[in-house]
Amino acid sequence: MHTTVSDGTDSPEEILARVREAGLGLFSVTDHDAVKGCQTVRSLLREGDPDFLTGVEFSCRDGEGKYHILGYGYDPDSEAIQAVVGLGHRLRMNKVAARMDGLKTRFGVVFPPEEVERLLSLDNPGKPHIGNLMVKYGYAATKEEAIRDYINALGVRTEYVRPEVAIEGILAGGGIPVLAHPAYGSGDQLILGEDMEKRLRRLMGFGLKGVEAFYSGFTEKIRGEMLSLAERYGLYVTAGSDYHGGNKLIELGDTGLDGSSEQPAGLRRFLEDVRDPYGRLSALRA
């Protein structure tokens, strides 16, 4: 789940209120390249609240492709995590600057100075924030159109955190690195079969420990393949919705995991082994 600290539309306070209302038993905030949302939620937790697990999602890319690496159960105050967060933030701000320059040069898109200042003051601005501004000032009819026909069309060459850097940072911070929505690559790319297995083995070489086999956008076939690979390689299994509030048509808590079914072995092991820096998971583990 993502808050306004990255590209969600719900503040950490609003996320917690929605989680309480939905009756979830366990939740995590996984903002892009940021841990501030987790720290805020932790400060708001009270007796009787759902179990809370630290999370983060690093946007990564290298010569082999694009990856989103989740980290769960890390210590948010660890130097290792803070170092990767700092790197991710710097690279993200470079991307924003490059995209704003490209929009102005190629399409004549110009925003008032106060809007640019507000955008650059955000914790982790990205495509949705720029897209919403384009809609506000009449450059596009929808955020989706702005991203598809303008921002993505720029072809801006930008730097990303490398997957091995994210994985090493999560491990050093006491967390478990997990490949988010593993079947999805760049754009509409769908990665399955031998290509998926090759990708997993490569990331496991860096220290990857799990896969997000339950995901709001997965079909039964994709879910089955990811569960099979997790079992074959002894990987942890996690479940995530990728909730972004109003920025995506995904309901909070919609992970595709049927609570009435027996939990996969990889998911049970994850819940048993994941570290708990906030001491919130005792009831769940019991």
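Residues numbered from 1 in each chain as written. Predicted model: local features only at pLDDT ≥ 70, side-chain atom pairs only at ≥ 80, totals over all residues. Heavy atoms only, no water.

Peer 1: Lay out the pattern of salt bridges in plain terms, naming residues and giving numbers.
Peer 2: A complete count under the given rule lists 13 salt bridges for this structure. As a salt-bridge pair, Arg232 and Glu197 come within 2.9 Å of each other at their nearest N and O atoms. Placement of the pair is Arg232 in helix α9 (residues 220-233) and Glu197 in helix α8 (residues 193-206), with a sequence separation of 35 residues. Sharing partners across several salt bridges, the network here consists of Glu115, Arg118 and Lys136. (Salt bridge = Lys/Arg side-chain N within 4 Å of Asp/Glu carboxyl O. Helix = DSSP H or I, 4+ residues; strand = E, 2+ residues; numbered from the N terminus.)

Peer 1: How would you summarise the pairing of strand β5 (residues 210-215) if you had to cite specific residues and measurements?
Peer 2: Across the 6 residues of β5, 6 count as buried, placing the element largely inside the fold. In this structure, strand β4 (residues 176-179) lies alongside β5, joined through 2 bridges in parallel fashion. Note on β5: the bridge partner recorded for Leu179 is Val211. In this fold, β4 hands off to α8, which returns the chain to β5; that crossover is right-handed. With 5 bridges connecting them, β5 and strand β6 (residues 236-240) associate as parallel partners. By the bridge assignment for β6, Phe214 is matched with Ala239. Between the parallel elements β5 and β6, the chain passes through α9 in a crossover that is right-handed. (Buried < 20%, exposed > 50% of the residue type's maximum accessible area, 1.4 Å probe, protein only. Pairing = 2+ DSSP bridges. Right-handed = clockwise from strand over helix to strand, strands pointing away.)

Peer 1: For unusual backbone geometry, give the residues involved together with the corresponding values.
Peer 2: The backbone of His181 sits at a positive phi, close to 25°, despite the residue not being glycine. Inspection of the secondary structure puts His181 in the loop between β4 and α8. The phi dihedral of Asp242 falls on the positive side, at around 70°, and the residue is not glycine. Topologically, Asp242 is positioned in the loop between β6 and α10 (265-273). For Asp242, a relative accessible area of 8% corresponds to the buried category.

Peer 1: Explain the packing of aromatic side chains to me, using residue names and the numbers behind them.
Peer 2: For any pair of aromatic rings, geometry is given as the distance between the ring centres together with the angle between the planes. All chains considered together, the criterion is met by 9 aromatic pairs. Taking 5.0 Å as the distance between ring centres and 45° as the angle between the ring planes, the aromatic pair formed by Phe27 and Phe52 counts as tilted. Highlighted residues: Phe27 in strand β1 (residues 26-29) and Phe52 in strand β2 (residues 51-62), separated in sequence by 25 residues. Taking relative accessible area as the criterion, Phe27 reaches 3% and is therefore assigned buried. The interplanar angle of 75° and the centroid separation of 6.0 Å between the aromatic rings of Tyr236 and Phe270 together place this pair among those described as edge-to-face. Pair noted here: Tyr236 is in strand β6 and Phe270 is in helix α10, with a separation of 34 residues, a long-range link. Among the residues examined, Tyr236 registers a relative accessible area of 14% and is labelled buried. These aromatic residues form a ring-pair network of at least three members: Tyr72, Tyr236 and Phe270. We note Arg61 situated over the ring of Tyr160; from NZ or CZ to the ring centre the distance is 4.7 Å. (Phe/Tyr/Trp six-rings, centres within 6.5 Å; stacked < 30°, edge-to-face > 60°. Lys NZ or Arg CZ within 6 Å of the ring centre and 35° of its normal.)

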